[in-house]
Every structure is written in structure tokens, then in C-alpha cells.
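# Coordinate inspection notes
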Amino acid sequence: MAKAPVLTPRAEDFPRWYQDLISKAELADNGPVRGTMVIRPYGYGLWERMQQDMDARIKETGTQNAYFPLLIPQSYLTREAEHVEGFAPELAVVTHGGGKDLEEPAVIRPTSETIINEYFSKWVQSYRDLPLLINQWANVVRWELRPRLFLRTSEFLWQEGHTAHATYEEARDFASRIHQDVYGAFMRDVLAMDFVLGRKTARERFAGAINTLTLEGMMGDGKALQLGTSHELGQNFARAFHTQYLSKEGKQELVWQTSWGSTTRMIGALVMMHGDDSGLRVPPRLAPIQAVVLAIKGDDAVLAKVREIGDRLKAAGVRVKVDDRTDTPFGRRAVDWELKGVPFRVEVGPRDLENGTAMLARRIRGGKEPVAIDSLAALLPTVLEEDQKLLLDQARERRESRTSDVTTVDQAVEAAAAGGWARIPWATLGPEGEAKLAEHSVSVRCLVTADGAVPDADATPGNVAVVARAY
């Protein structure tokens, strides 16, 4: 009888494969309240690496970190009509505290535009106070009816940036800088993710924004996932909260604002973009553990050698873990590390010691080969970079090969139903065609120019709509 696979094959049931992998790679568990999740140490280690790298990139823009309260007076949300309407179905509201009814209900933050603007209006008095660039790392709650770990949960972790500027142009350029130089560079260079940078249509725009910039990635099943967004808020929130400044000319002016965010959804994207039937494949630049050195047997000489190899690799700048748990069968340990997607396994047994070699297993490229132990420290940094590039190349090839150019709504629906994306001229599709797509659970993920750049406006001549089914 054939041995049952560790994971449900992706081609057989992609959603089940995803759930299997999240569980068996020990990334997360469902929380006790429907829609919540417990992020396990290995999954949280991925988030910490993402957080550290992105935090540095955000700070390079001059943005500073702060923290704002989790509870927001309900009246704050009602000041910007489009914003409250957009979030109303997802709100969690606290009506009791300390055993008493609250005088005013408090909303658990779904996002912080309103409460941050309350304080921006106090902190901004003069043009000298601008630009005001603030970011916070926090949790938010958006009540989710159809939860899925990392992709859609009622509570999730994220960073949210909020800025105030003296002019429309400054705000526009800052939103674009975050979109391309922070999010785009991080996801491409560290997560090895392929994506399309584009502009959301009015239908898909963030509630209360005048423009939303997005990064859309194709997952292994051909569906799209929004990876991050950067919004131009115009003066909508400034008007609602009276966030204004005294200009150099002595006039009171409303500020222009941006907000932008990325979330733990990136872990779900990592799984679905790079994972295979054997588990996760973690990009080497992200991986908390880039190489694991496994002792095949509990021989004293073997144990001493794997620890020595671990020290050598660490000295060479490789993030390494020594697995000397020889009371656990080697095969089980190897499968566990494969599920977790550690880029390299260095396997050492008594016979390897005799030959002065170790067996090098490459998780991303696949395959095993014997390598001289003395050459490992010099070899691994090079092959780590090779496999980082390979992941990005594979993701890009998938998107390009499964994206078709079409000229009708029916063709776009057909492409999405077949597990791909479609590109259709926005002048041909328009808002009416977008509404027809929605009847088939297909959406316009973003608008791009004919050459793939980010358009300056929805109506820029030659704009192309990228359409797909999405998570």
C-alpha cells in the first residue's frame, strides 16, 4: 500500500493543502474565538524577520514609530462618512467596562486613521510641524465572516503608517515611495515575491481615500492576493478632524495625508506563492534558520562534528541550527525541517565522517549531493543567494505564463475560472464591465499602464485592468 502523503497535494485540494501546511509546519493554530489565531513560534519568527527588515526601511523614509490606543470612541468613526460606511460591517464594539454600561461605546480599532487624526490636529500647528510621519506596529480587529489563517482573521498584526503633508504633491509622492521603495523592494528582495504594482479602481479603493496603490501577487492556484496598500487620503480626514496648519503666508490650510499598511497576511502569501507538496519554501534572506545541521545517529564523533559544522557556518554569517536530537528518528526530523521550508539541510552520519563529506539537501532547488565538509562554510552563502533568485524567477514565470490578454468580459471571466489572470483595456471594461465581473466573483485587482507602470489616474489613456479571482 502506498504511503499517504504528509500534505494534501495542491492539485487535489489547494485550500486543504494550505491548512495542512499551516498546521504541520507549526505556523499557527485557530484561536478560541472564531476568526482569531494563535501564531506559533516558528510562524512568529517569520513575522519578526519581516518586521525587523521593514521597520528599518520605514525609518529610512524619516518615519518614526509611535503607539495609539486599541479602543477608539465610536463618535470618531462617524466623522468621515465614507470611512465608517466602509468599515461598519467589520466593527467590534465594546459597550460594557468595569461592570457598567459605557457612556460612549468604544470600537476596537479596525485601522487608526480617526484616532491618529484626533492627535495630528493637536500636534500640527504650523508648516514647521510638517511633514509629520508616524508608523505603529499593532493589532487590529475586523470581524471576519469567512476566516482563514493568516489570510483573513478577525484579529491580525500589522504596521500602519500615517502621514501629514503641506501639499498634495508631497503626500502623493510619499505614498508612491512607500508603495515602491518600501513595500515593493522588501517583498521582491527579501520575500522573493513577484507582484504587480498598480492603482485600485474607485470600486476597490480604501474607504475614505482618493487613491489606493496596491501590490498584487499570484498564488500557486492562480488566484490573486493583495500584499500591501498605500493610500492617498487627500484632505478628507483633515477636513473631518480640522487637521490644519498655518502656512508661510499666514493662512490656515488643511494638511494632505497618506496611510499605508502591510500585515501578517504576508505569511499566508509566502506559503501560497512559494510552497510545494512537501511544505513551505522560505526565501533564504528571510529565513530565521537558513541551514539546519542534522546528526543522523547519536555517535559521539558525529555529534561533535555537527556542532563543529554549526559553529563554522555561524562564523560564515549563516543563520544555523544544530539538530542533534538523535532520540527522534532521522527521517521524521528531516520531514519536519522540509515542511518548515529551511533552505538547506546538512546531514552527517558515521559514513560521511569517513569520507570527510556531508549530504547537502537543497529545499528550494531540490535534490541532495555530497559536499566536502571543509567547503561548506564557503559554499553556503553563495548557494543561498542562488536559491533566493530561483524563488523569485519561479514566481514571476508562473504569473507571466498564466496571464492572458483579452478583449471582452467573458474572456476575462474564462481566464480567471481557468486559474489565471487577464489583462483587458480599462477603456473597454470600465465600471460597468467591472460590475459584470463581480457577478462571477472576479475583480479588477489593479490598473496599470500599457507598459506595466503605475498610472497617474484612473482615466489615463491606455490603462489596462488586471483582473482575477482573489482571496
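Let me sum up the structure you'll find in this document.

Cut-offs applied
- Residues numbered from 1 in each chain as written.
- Predicted model: local features only at pLDDT ≥ 70, side-chain atom pairs only at ≥ 80, totals over all residues.
- Heavy atoms only, no water.
- Helix = DSSP H or I, 4+ residues; strand = E, 2+ residues; numbered from the N terminus.
- Polar contact = N/O pair within 3.5 Å; in protein donor to acceptor, adjacent residues only side chain to side chain.
- Contact = heavy atoms within 4.5 Å.
- Core = buried A, V, L, I, M, F, W, Y, C linked by side-chain atoms within 4.5 Å.
- Buried < 20%, exposed > 50% of the residue type's maximum accessible area, 1.4 Å probe, protein only.
- Pairing = 2+ DSSP bridges.
- Axes fitted to C-alpha atoms, helices over the stretch in contact; angles between N-to-C directions.

### Considerations on the side chain of S121
Note that S121 resides in helix α5 (residues 113-123). At 2.7 Å, the side chain of S121 and the backbone oxygen of E118 are in polar contact. Leaving out residues up to four positions away in the same chain, S121 has contacts with F241, H242 and T243.

### Examining the nonpolar core
Counting residues in each nonpolar core, the largest one holds 57 residues, and the members touching the most others are L27, M50, F150, M187, L191 and M193. The dominant element in this core, judged by the number of residues it contributes, is helix α8 (residues 265-274), at seven residues. Ignoring anything within four residues of it in the chain, the contact list for F150 reads Y18, I22, L27, A28, M37, I39, T264, R265, I267 and G268. Grouped together as the second largest cluster of nonpolar side chains are 24 residues, I116, V124, I134 and A164 included.

### Topic: the sheet that holds strand β16 (residues 320-323)
The strand order across the open sheet formed by five strands is β16-β15-β17-β18-β19, and the pairing between neighbours is mixed. Two strands bound the open sheet, and with one partner strand each, they are β16 and β19 (368-372). Across this sheet, the average inter-strand angle for adjacent strands is 25°, counted without regard to direction. Note that strand β18 (residues 357-362) and β19 share five bridges and pair antiparallel. Bridge pairing links A361 to K368 in β19. Each of β15 (291-295), β16 and β17 (344-348) is contacted by helix α9 (residues 300-315), which is oriented at about 170° to β15, the strand it contacts most.

### Looking at the sheet that holds strand β6 (residues 100-108)
Strand order across the open sheet formed by three strands is β4-β6-β5, with antiparallel pairing between neighbours. Here the strands that pair on one side only, and so sit at the sheet edges, are β4 (71-73) and β5 (92-97). In this sheet, adjacent strand axes meet at a mean angle of 50° when their direction is disregarded. Pairing geometry for β4 and β6, over three bridges, is antiparallel. Paired with I72 across the bridge in β6 is V107.

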